[in-house]
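# Remarks on the overall topology
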Amino acid sequence: MEQFALSFLPERRIYSLRELSDGIRATLETRFTNIWVSGEISGAKLAPSGHCYFTLKDSDAQIKCVCWKLSYMRLRFKPKDGIQVLVRGRVDIYEQRSEYQFVVESIEPQGHGALQLAFEQLRARLRAEGLFDDARKRPLPRFPQRIGIVTSPKGAVIRDFIEVLSRRFPGVHIRLFPAQVQGLNAIEEVCRGIAYFSANPWADLVVVARGGGSLEDLWTFNEEAVARAIAACPIPVVSAIGHESDVTIADFVADLRAPTPSAAAAMIICERKEVLDRIANREARLAELMRYRFASLGRRLHEQAAGRAASVLHRGLARRMQRVDDNTARLHASLRSQLAANDRKRRNLEERLRHFDLRPRLARSRDRLNMLTHRATSLMHLSLARTSRRIENAETKLGQLNPRLVLTRGYAIVLNDSGAIVRNAAAAPAGSGVKLMFAEDAVKARVTESPAE
């Protein structure tokens, strides 16, 4: 009778370390994928590879986190120690140390108070209305010729914006709608600027720009009125608010968000040299491909046909090559004509700009003023010299008539008691008093004897 060996021990299932790690990963990915975790960042470190490592902790636990390079580059908020955040991602396992870690895909800061709460509520409401949907985002014109910008005319934003545009693609027309970007009237003025470009079909696109600042400074662009004005604008709108880490409601509603106003100028239009280089490269590439294609067709035709048929096909191919050469020549001529027209337009605009330049007029007015000032000064000096000569002549004549000059030669003037000049002896009878005036002083005397008596 055949006997069977029985074993009551459970069958052993032996895992390799790789199998165990893969099983743990699969379990974690099944349950802990695309989840949100809150905590405080600690020990944030950016590795040379571009990956960011930090620890997320609270009062009871902590977990190591990693943000891969591509995800880190897309983060609007960069990890900083001591910041309370919400992170989204998945739980993964690191086999080399048998540790589980949280792979971060996005980070949102917490703890901004009432403004942050209002920001989140408005964002949720507008998202529910579909104002943030990608389907309503309009592409920007590839080569905009007229750009409208709503910003403050006093800040560095408009200067940097114009400088970047002028450097990248000279000749683009910019129209500024001056508006406050912070304060009591900022919301109304920004909305009025957007409405102006909405009603006026002049602009190819509109840029709403402001420099960096705190959440309170940027709050104008978190208002519902501004968001709805951007959404209602029939022209593509670019939001260039603050720095790269600043996020506003206007960024979500706009057709394109730029990290900074200067970056907006670089994003909405490419460099002129880049366009010309691209055209030249495409021409060269097209010519090379066509030559290669026709060469391949020529070899195939020579292999598959002979005699007259091959000759006919060769002539047809030659005609097509000639047509290609003609089209290439016309393309070159068209490009040269277009570039010449653009250059003439630029020169005309520069000439018009020089016509309206106030500096030559001011220089001419300044020269005329200097000339008139010099003439007035000369006339004044001449008049003063004439007056001085007249005064000197009058003083000379007056000195000649001065009675004191006569007195200095030994003469005297005799005055009676009534102060009248004594001209004869009858005017000074005996016993009357007289006053004798000399050149320097005077004396009194009494007449003791009169010849008239």
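Only a predicted model underlies this, so the values are computations on that prediction, with no experimental measurement involved.

## Details of the overall build of the chain
If you tally the helices and strands in the chain, you get 12 helices and 13 strands. With the principal axes as the frame, the chain shows a C-alpha extent of 210 × 90 × 45 Å. Sorting the 453 residues of the chain into buried and exposed places 28% on the buried side. Summarising the internal contacts of the chain: among those between residues at least 6 apart in sequence, 59% fall at separations of at least 24. When the accessible surface of the chain is totalled, it reaches about 30700 Å², and 55% of it is carbon and sulfur. Charge centroids of the chain, computed over 71 positive and 51 negative side chains, lie 10 Å from each other.

## Looking at unusual backbone geometry
Unusually for a residue other than glycine, N34 sits at a positive phi of about 55°. Tracing the chain through its elements places N34 in the loop between helix 1 (17–31) and strand 1 (35–46). Look at N34 and you get partly exposed, because its relative accessible area is 48%.

## Some words on the sheet that holds strand 2 (residues 52–57)
The sheet built from five strands closes into a barrel, its strands ordered 1-2-3-5-4 with mixed pairing. In this sheet, adjacent strand axes meet at a mean angle of 50° when their direction is disregarded. In this structure, strand 4 (residues 84–94) lies alongside strand 5 (residues 99–109), joined through 10 bridges in antiparallel fashion. Residue pairing for strand 5: V85 is matched across the bridge by P109.

## A closer look at the sheet that holds strand 11 (residues 413–415)
For sheets, the rule is that strands pair by backbone hydrogen bonds, running either parallel or antiparallel. Pairing in this open sheet of three strands is antiparallel, and the strands run 11-12-13 from one edge to the other. Each of the sheet's edge strands pairs with one partner strand only, and the pair in question is strand 11 and strand 13 (442–446). Sheet twist, expressed as the average angle between the axes of neighbouring strands with direction ignored, equals 25°. Bridging between strand 11 and strand 12 (residues 433–437) involves three bridges; their strand directions are antiparallel.

Criteria and cut-off values
- Residues numbered from 1 in each chain as written.
- Predicted model: local features only at pLDDT ≥ 70, side-chain atom pairs only at ≥ 80, totals over all residues.
- Heavy atoms only, no water.
- Helix = DSSP H or I, 4+ residues; strand = E, 2+ residues; numbered from the N terminus.
- Buried < 20%, exposed > 50% of the residue type's maximum accessible area, 1.4 Å probe, protein only.
- Contact = heavy atoms within 4.5 Å.
- Areas by Shrake-Rupley, 256 points an atom, 1.4 Å probe, with all protein chains shown as cover.
- Lys, Arg positive; Asp, Glu negative; His and termini not counted.
- Charge placed at Lys NZ, Arg CZ, Asp CG, Glu CD.
- Pairing = 2+ DSSP bridges.
- Axes fitted to C-alpha atoms, helices over the stretch in contact; angles between N-to-C directions.

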